[in-house]
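Here are the chains, one letter per residue:
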Amino acid sequence: MANSRNYKKGWLVDDRFTDLSLDGKSALLPLFDKADDLGLIVNPKIALRGQAISDTALQELVDAGYLLRIEDNKRTFYLFREWSGNQHLRHFHGLSTSYPAITILH
């Protein structure tokens, strides 16, 4: 996984961000930090509970368009919808995902 993350100015803090609850706003940074090279968050609840953020923030971020919910074999994962437009990795061949069974189609 990459050791750094990038985002475009205005992507994180925009009008939809201002409409989020405090938990929704607080959830973005720890989830952003836990995402793998493709923007996939395999264990989102661990990231949120470590910060005392309610699990309901995940659905709020889905509703706001930040995350995509993925169901696979009774497990739930989340993917940042706009990840590829905000991450500029130099070496595309080295991308990895935390959960290899998931194939992400562009």
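Residues numbered from 1 in each chain as written. Predicted model: local features only at pLDDT ≥ 70, side-chain atom pairs only at ≥ 80, totals over all residues. Heavy atoms only, no water.

Enquirer: How should the packing of aromatic side chains be read in this particular structure?
Expert: Given two aromatic rings, one states the distance between the centres and the angle between the planes to describe the pair. All chains considered together, the criterion is met by one aromatic pair. Taking the centre distance of 5.8 Å and the plane angle of 85° together, the rings of Phe-32 and Phe-80 count as edge-to-face. Note that Phe-32 is positioned in helix 2 (residues 22-34) and Phe-80 in strand 3 (residues 75-80), a separation of 48 residues in sequence. Judged by its relative accessible area of 9%, Phe-32 falls in the buried class. Of note, Lys-25 hangs over the ring of Phe-17, and the distance from its end group to the ring centre comes to 5.7 Å. (Phe/Tyr/Trp six-rings, centres within 6.5 Å; stacked < 30°, edge-to-face > 60°. Helix = DSSP H or I, 4+ residues; strand = E, 2+ residues; numbered from the N terminus. Buried < 20%, exposed > 50% of the residue type's maximum accessible area, 1.4 Å probe, protein only. Lys NZ or Arg CZ within 6 Å of the ring centre and 35° of its normal.)

Enquirer: Even after reading the chapter, I still don't get the confidence of the model for the protein chain, so can you show me in this structure?
Expert: Caution applies to low-pLDDT parts of the model: their predicted coordinates are not meant to be read in detail. Looking at the protein chain as a whole, the pLDDT averages 78, with 68% of positions reaching at least 70. Averaged over each element, pLDDT in the protein chain is lowest for helix 5 (residues 83-86) (58) and highest for helix 4 (residues 56-63) (95). Across residues 91-96, where pLDDT falls below 50, the model places eight contacts with residues more than four positions away in sequence or in other chains. (pLDDT = per-residue confidence, 0-100. Contact = heavy atoms within 4.5 Å.)

Enquirer: It is not clear to me how the nonpolar core should be interpreted in this structure. Could you clarify?
Expert: General note: in soluble globular proteins, nonpolar side chains tend to be found buried as a group. With 19 residues, the main nonpolar core has Leu-31, Leu-61, Leu-67 and Phe-80 as its most contacted residues. When residues of this core are traced back to their parent elements, those giving at least two are helix 2, helix 3 (44-49), helix 4 and strand 3. Here Leu-67 is in contact with Leu-31, Ile-41, Leu-58, Leu-61, Val-62, Tyr-78, Leu-79, Phe-80 and Arg-81, once residues within four sequence places are set aside. (Core = buried A, V, L, I, M, F, W, Y, C linked by side-chain atoms within 4.5 Å.)

Enquirer: Got a minute to help me understand helix 4 in this structure?
Expert: Every α-helix winds through 3.6 residues per turn, so residues three or four apart in the chain are directed the same way. Buried within helix 4 we find Ala-57, Leu-58, Leu-61 and Val-62. Mapping the buried residues of helix 4 onto a view down its axis gives an arc of 145°, with all of them on the same face. Every exposed residue of helix 4 that faces more than 90 degrees away from the buried side is listed here: Thr-56 and Asp-63. Those residues of helix 4 that are buried are in contact with helix 2, helix 3, strand 2 (67-72) and strand 3. Phi turns positive, to about 90°, at Gly-65, one or two residues after helix 4. (Arc of directions from axis to C-beta.)

Enquirer: Explain the pattern of salt bridges here, please?
Expert: Where charged atoms of side chains with opposite charge meet at close range, the side chains can pair. Overall, the coordinates contain three salt bridges when judged by the stated rule. Close ionic contact of Arg-49 with Asp-55 constitutes a salt bridge, the shortest N to O distance being 2.7 Å. Here Arg-69 and Glu-71 are joined by a salt bridge, their closest N and O atoms 2.7 Å apart. (Salt bridge = Lys/Arg side-chain N within 4 Å of Asp/Glu carboxyl O.)

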